[in-house]
Amino acid sequence: SGSAFIVLQVQSPRQENGSYRKWQPCTPSKPRMVASTPPPWQHLVVQPPEQKRSWQDTRQNKISKPTVTCSSRPVPGNVRQSTRPRSPPLPPRRVRHDTPSEHSASVQSLKSPTPRGPDGDSAVEVMEIPNREDAAFVCGKGGSTIKRIALVAGCRATFKTQSQLLEVRGSPLERQRGLLYAKFMIAQRKVKNGPVPLEQSEVKDDCTLVNVPREGMAFMLGSRGATLRRIEQEKNVIMFIGQVRGAEPPPDTECLCIFGARRSRRSAQLEVMSTVEEKVPGYFSRSWHEHGETLEQKSDCYGDWGTTTVELEEGDIRWLIGSGGRTTRTICAASDCLLNNVGRVVFLCGTRQQRALAQDYMSLILIQMDNMKYSPHVEDMFTESRHDRTLLEIPAKDVGYVTGKGRVTLGQIEEEYGVVMIFAQMAGVPTANSSVDTLAIFGPLRSRTCAELEAMASAEHNDPGLFTAGFVDRTLNTKEFATDRITFEDKAAIGYILGKGGTTRRRLSKASGAHLQFVGNVLNIAGDLEERTRGWDYITFHLQVEKRNKSPIDASGRSDVTTLRTDGLRFTGPEIWKIEEETCTFCVIADDVHGVQQFFIFGKEEGDADHSGRAKAKKMAMLLLREKNKEGRHDGPQSDRSRD
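Residues numbered from 1 in each chain as written. Predicted model: local features only at pLDDT ≥ 70, side-chain atom pairs only at ≥ 80, totals over all residues. Heavy atoms only, no water.

Draft legend 1. Structural detail: the layout of surface pockets. Roughly 800 Å³ of internal volume is contained in the largest pocket. Together, 30 residues line the largest pocket, and Y417, E454, R505, H515 and Q517 are the ones closest to its centre. Among the elements that make up the lining of the largest pocket, the one with the highest residue count is helix α15 (residues 445–462) (8 residues). Its residues assigned to classes, the lining of the largest pocket comprises 10 nonpolar, 12 polar and 8 charged. Size it by volume and the second largest pocket reaches roughly 680 Å³. (1 Å grid on protein atoms, 1.4 Å probe; cavity = no way out; pocket = protein on both sides within 12 Å on 5 of 7 lines; lining within 4 Å. Points joined across faces, edges and corners; volume = space filled by probe spheres on them. Helix = DSSP H or I, 4+ residues; strand = E, 2+ residues; numbered from the N terminus. Nonpolar A, V, L, I, M, F, W, Y, C, P; charged D, E, K, R; others polar.)

Draft legend 2. Highlighting unusual backbone geometry. Positive phi outside glycine occurs at N236, with the angle close to 60°. Along the polypeptide, N236 turns up in the loop between α6 (226–235) and β12 (238–244). Exposure remark for N236: the relative accessible area of 26% places this residue in the partly exposed category. Unlike most non-glycine residues, D336 shows phi in positive territory, near 60°. Relative to the assigned elements, D336 resides in the loop between α10 (326–335) and β15 (338–342). Judged by its relative accessible area of 41%, D336 is partly exposed. (Buried < 20%, exposed > 50% of the residue type's maximum accessible area, 1.4 Å probe, protein only.)

Draft legend 3. Structural context of the sheet that holds strand β18 (residues 420–423). One open sheet holds the 3 strands; their spatial order is β17-β19-β18, and the pairing between them is antiparallel. Here the strands that pair on one side only, and so sit at the sheet edges, are β17 (389–395) and β18. Across the sheet, the axes of successive neighbouring strands diverge by a mean angle of 20°, strand direction being ignored. Relative to strand β19 (residues 436–442), β17 runs antiparallel, the two sharing 7 bridges. Across the sheet, I394 pairs through a bridge with D437, a residue of β19. Contacting β17, β18 and β19, α15 runs over the sheet at an angle of about 5° to β17. (Pairing = 2+ DSSP bridges. Axes fitted to C-alpha atoms, helices over the stretch in contact; angles between N-to-C directions. Contact = heavy atoms within 4.5 Å.)

Purely geometric stuff here, so don't read any function into it on its own.
Encoded structure:
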């Protein structure tokens with residue numbers, strides 16, 4: 001390399017008194033000896049000349065002799081010190097130190113000098129976290145905490161382990177909230193079981209404060225905070241016990257701080273109120289009875305957002321909640337309204353239209369429990385024109401098959417697609433023909449269509465030809481939401497598409513974004529034009545592989561595919577199914593147009609490597625290929641993808 005060094009270890013002869021003499025660093029012209037009792041070593045290091053060296057100069061001895069200097073720093077053991085000139089040290093980084101608050105004394109932040117986007121949305125703010133324990137707490141297990149911070153604040157957060165820097169990207173408001181939430185996380189670790197101190201300026205319109213009695217706080221937190229963490233994850237908020245400077249909570253209460261978007265905060269607040277009301281009955285419902293208090297933050301009441309309350313009897317409340325809260329979740333999904341009970345008082349939160357729909361759906365649920373509460377309003381929901389309803393006539397002999405024992409089948413469809421379904425006779429609404437019952441499906445258009453196809457498939461299975469007798473194949477070119485129909489005469493192809501228990505059909509639906517369902521031998525593809533096109537393409541690719549068709553797959557010009565070269569390695573069926581299940585993708589091994597074997601990953605979302613989508617599927621496939629390369633495994637012919 002042109003560098004040379006020599007390490008000389010010099011020991012002086014022993015004196016009469018048993019001591020040694022050691023050479024000390026000095027100039028060559030004035031050597032001097034100093035007596036020393038221990039036998040230390042001294043190191044001489046040869047430094048190369050500053051001029052450049054080449055192999056030609058070395059052979060011709062054109063390089064000047066190196067100069068010898070004495071190193072005053074001992075080298076431990078047999079380690080040699082390189083004398084290659086080091087680059088000059090970098091100038092110290094200019095860091096702007098913000099005035100730290102009480103709970104962020106060890107945190108320093110700086111801003112990027114200029115935003116990289118036109119609106120500042122790509123600007124970066126950096127928080128330095130010197131304490132590694134604080135950094136680990138902010139990141140969380142597997143990065144769960146920093147992901148939740150980014151999700152709640154609406155920003156992008158990345159932690160640099162080597163430099164101990166937290167980088168936050170987004171709009172100015174998103175960056176401000178992301179850094180603030182990170183400081184709160186550090187403060188929680190420092191105060192441990194105590195309240196986190198907050199300034200008045202930190203309690204803004206993204207914060208809701210709830211005073212909880214001490215006797216109910218432990219019940220609400222759960223074992224080691226499990227209940228609180230569950231609410232955080234489900235509602236997409238950040239929650240902790242805090243203490244706002246200058247605002248003391250009432251006696252025997254603690255202040256629970258909830259940070260997040262308006263809808264998320266209100267949903268978490270209602271969940272907390274419902275949980276505490278179970279432990280301390282009447283704590284929140286009493287204020288509603290006496291003062292009509294809904295405990296809603298005034299800054300959140302803009303537009304037509306508001307809260308409607310309904311008081312029910314104890315039996316009606318249990319029926320409304322359903323098994324494990326299934327009925328309540330169904331109403332919330334169908335109406336897009338927040339619904340939760342605090343004791344016997346039901347809180348409905350949302351826009352005016354959302355609250356009206358939720359009240360209608362509540363009436364449909366309660367009418368099934370006691371027909372004595374039937375009102376003409378329920379009959380109007382079947383007869384009048386509504387934008388949120390689909391009517392499907394089913395023969396009376398097939399109603400039991402569609403409903404299932406104890407309404408299990410109908411309840412599963414409701415929960416899966418977020419709709420409310422009820423038969424007219426079950427609601428006490430008279431029908432013109434007693435041999436035919438009318439199934440009413442309430443909810444958004446996409447959800448109603450999916451539920452309708454499920455009900456039709458169930459009835460068609462029990463009564464073949466009920467619906468397919470009048471079906472005509474169609475492929476629509478409209479960009480709006482619609483349904484295409486294709487008839488399959490090959491039963492083997494139908495089995496390939498369905499898979500065992502319908503698993504393949506569901507995976508193809510998730511990957512394409514379209515809803516795929518067979519009604520008899522007619523395949524229905526529901527979605528917008530792009531989704532319907534993807535759904536049919538994925539079915540074509542899947543049948544091509546199942547039938548051992550060697551035709552190549554042309555992925556050029558597609559934005560929904562990621563390819564990975566396998567170099568002759570293949571995956572087994574279970575390995576492919578696991579990737580598809582975890583990432584909501586459709587994967588297949590085939591040759592491309594150039595005859596090169598590729599692992600094709602199809603899906604509507606690119607996603608990221610840590611969560612889902614094609615990016616995560618590619619990461620999982622690369623890990624499998626790496627393991628197979630180490631083991632030298634070649635699984636032979638491509639594994640059968642059939643779900644048998």
